[in-house]
Amino acid sequence: MATVTQKPKQAKAPNIRQTQLLIDGEWVDAVSGKTFATINPATEEKIADVAEGDKADIDRAVKAARKAFETGPWSKMDARDRGRLMNKLADLVEANLEELAALETLDNGKPISDSRAADLPLVIDCLRYYAGWADKIHGETIPVRGNFFSYTLREPLGVVGQIIPWNFPLLMVAWKWGPALAAGCTIVMKPAEQTPLSCLRMAELAMEAGFPPGVINIVPGYGPTAGAALVEHPDVDKIAFTGEHRTAQLIMTNAAQTLKRLTFELGGKSPNVIFADADLDAAVAGAEFGLFFNQGQCCCAGSRVFVQQDVHEKFVEKLVSRASNRKLGDPFDPETTQGPQVDEAQFSKILSYIEKGRQGGAECLTGGERFGDKGFYVQPTVFNNVTDDMEIATDEIFGPVMSILPFKDVDEVVERSNKSMFGLAAAVWTRDVGKAHHFAKSVRAGTIWVNCYDVFDAAAPFGGFKMSGIGRELGEAALANYTELKTVTMSLD
Ligand code: NAI
Ligand code: MG
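Residues numbered from 1 in each chain as written. Chains lettered and ligands numbered in written order. Predicted model: local features only at pLDDT ≥ 70, side-chain atom pairs only at ≥ 80, totals over all residues. Heavy atoms only, no water.

Q: Where do I start with the site of ligand 1 in this structure?
A: Taken together, 27 residues surround ligand 1, and among them Trp166, Glu193, Thr247, Gln346 and Lys349 come closest. In the model, an oxygen atom of ligand 1 is placed 2.8 Å from a nitrogen or oxygen of the Glu396 side chain. Taking 810 Å² as the accessible area of ligand 1 by itself, protein coverage stands at 91%. Only helix H8 (223-232), strand E10 (238-242), helix H9 (245-255) and helix H12 (344-359) provide two or more residues apiece to the shell around ligand 1. (Near = heavy atom within 4 Å. Polar contact = N/O pair within 3.5 Å; in protein donor to acceptor, adjacent residues only side chain to side chain. Areas by Shrake-Rupley, 256 points an atom, 1.4 Å probe, with all protein chains shown as cover. Helix = DSSP H or I, 4+ residues; strand = E, 2+ residues; numbered from the N terminus.)

Next comes the structure, spelled out in structure tokens:
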């Protein structure tokens, strides 16, 4: 019997439904009346004007979140009902998957095939995973000395400020909302100025699901204005931030006055280590995916590819062939595997690092230029014979630029892997189980992948050692970011 395999369909740009701020369940303009443009990075054309929040809007949003936390229906809702609302939101996201995927592709530039197959399914999974936690957060009884009964309560932390980046706009919403809502917190979120649209649409779906007013508030705007106001606000209990480590340093300084709880998920310069005994084709495919996925705009991008000398030449040949065959183009075409970078600032930053790579003496094997003459596209670029001290080996480039560094043995590569201020992720490719375990134990990073890369699951904690962050997202671990532990001790006399 003949089977017809259908080609995935070309996606269409969706209608833009929401461009205002969401405060206390109402869609409103900014107090200042200001707006900012969000740009389609594939065409460099404006998509829409979005309300630009600032201090006055943050004040209103925090007030609404505080009211919802202290006295609103949210504060009295059974944990199980919170979970039901979260599942309802997950269902609505699933029902609107195609629209949300297209919105993500339009605003961020990522290929529609990735939005459909990676971002959206992970969003839905994350919401459902945390919906399941809502009624499973509990304290313990403690055997204290004397005639006392002592127990702990895990209470919601309060009003939380969440500041997210543009590389996985909707997935970052899910990672942040999931544990916060499960724990019973209320939220003021500032999406990235480059990509506010999918967050606003998801907030609209949250209203449709029935979240009470003030539980989820969205204030799009810029970092130094809206973001900073959220960080400094005395009535915000915590800031969860994902972005650049320098921004985190600023946030930490500015949050000191109010001693806010802080969790950070920051950048990396993750080593991806290929031993001579690895399945070479799998390692080549893993190295390509580990770096070029999402246009290289991943905090955990495998940007330092260490290759053992014996297979170096063969690896380079296979890798360059794959890299140069990536399909750049219209992100709405389901065949496209690489879209544009998110904006002009990122595009220029990447091109300047490519220049630094050349000047520093690394060998550019493929790419190295802009792709086309419209949109923020950068050719997949591979540098060979990179040394540890070159800027392209130390700095987070956040683009489709791979550095290949040859190495001799295990001890050397472990030491060089750890020679970074970052420690977000690392991967190792080998058939030797002992070597894999040794590597996993010796490398100071929050996630280690063995013979795979970028395998994410809502249940598996993710976060950084060293300057890659503070705290863990996902899994049970993330619930601690959104709860306070209270000890109650009662005399039994
Ligand atoms: P960023 O850290 O400046 O922006 C992330 C978020 O923080 C945005 O919502 C932004 O508006 C907000 N923000 C900026 N300044 C702030 C402030 N003073 N107070 C409060 N919030 C503030 O990152 P940006 O400028 O978009 O990208 C710069 C570099 O950062 C990238 O090239 C990349 O290397 C890294 N990055 C890392 C990410 C990750 O997932 N680890 C995500 C995005 C960027
Ligand atoms: Mg910035």
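Q: Would you mind going over the side chain of Gln162 with me for this structure?
A: With respect to the secondary-structure elements, Gln162 resides in strand E7 (residues 159-163). Polar contacts involving the side chain of Gln162 include one to the side chain of Tyr482, which spans 3.0 Å. Beyond its immediate sequence surroundings of up to four residues, Gln162 is in contact with Lys176, Trp177, Ala180, Ile187, Val188, Met189, Lys190, Leu230, Ala240 and Tyr482. (Contact = heavy atoms within 4.5 Å.)

Q: Where do I start with the sheet that holds strand E6 (residues 148-156) in this structure?
A: Two pairing modes exist for strands in a sheet, parallel and antiparallel, and in both the strands are linked by backbone hydrogen bonds. Taken together, three strands build an open sheet; the order of strands is E5-E6-E22 and the sheet is antiparallel. With one partner strand each, in any of the chains shown, strand E5 (141-142) and strand E22 (483-491) form the two edges of the open sheet. Note: E5 against E6, two bridges, orientation antiparallel. Opposite Thr141, over in E6, you have Tyr151 as the bridge partner. (Pairing = 2+ DSSP bridges.)

Q: Any chance you could explain the sheet that holds strand E16 (residues 401-407) here in plain terms?
A: Strand order across the open sheet formed by seven strands is E14-E15-E16-E13-E12-E18-E19, with mixed pairing between neighbours. Only two strands of the sheet have a single neighbouring strand rather than two, namely strand E14 (363-366) and strand E19 (447-450). Between one strand axis and the next, the sheet turns by 25 degrees as a mean value, whatever way the strands run. For strand E18 (residues 425-429) and E19, the ladder comprises four bridges, and the chain directions are parallel. Residue pairing for E19: Val428 is matched across the bridge by Val450. Across the face of the sheet, H12 comes into contact with E14, strand E15 (381-384) and E16 while running at roughly 25 degrees to E15. Against the sheet, helix H14 (residues 410-418) makes contact with strand E12 (271-274), strand E13 (304-308) and E16, and its axis sits at roughly 145 degrees relative to E16, the strand it touches most. (Axes fitted to C-alpha atoms, helices over the stretch in contact; angles between N-to-C directions.)

Q: Just to check I follow, could you spell out the pattern of salt bridges for this structure?
A: For side chains bearing opposite charge, pairing can occur when the charged atoms are close. Counted under the stated rule, the structure contains 32 salt bridges. Ionic pairing is found between Glu94 and Arg128, a salt bridge with its closest N-O pair at 2.8 Å. Of this pair, Glu94 sits in helix H3 (residues 79-95) while Arg128 sits in helix H5 (residues 112-133), and the two are 34 residues apart along the sequence. The exposure class of Arg128 is partly exposed, given its relative accessible area of 29%. (Salt bridge = Lys/Arg side-chain N within 4 Å of Asp/Glu carboxyl O. Buried < 20%, exposed > 50% of the residue type's maximum accessible area, 1.4 Å probe, protein only.)

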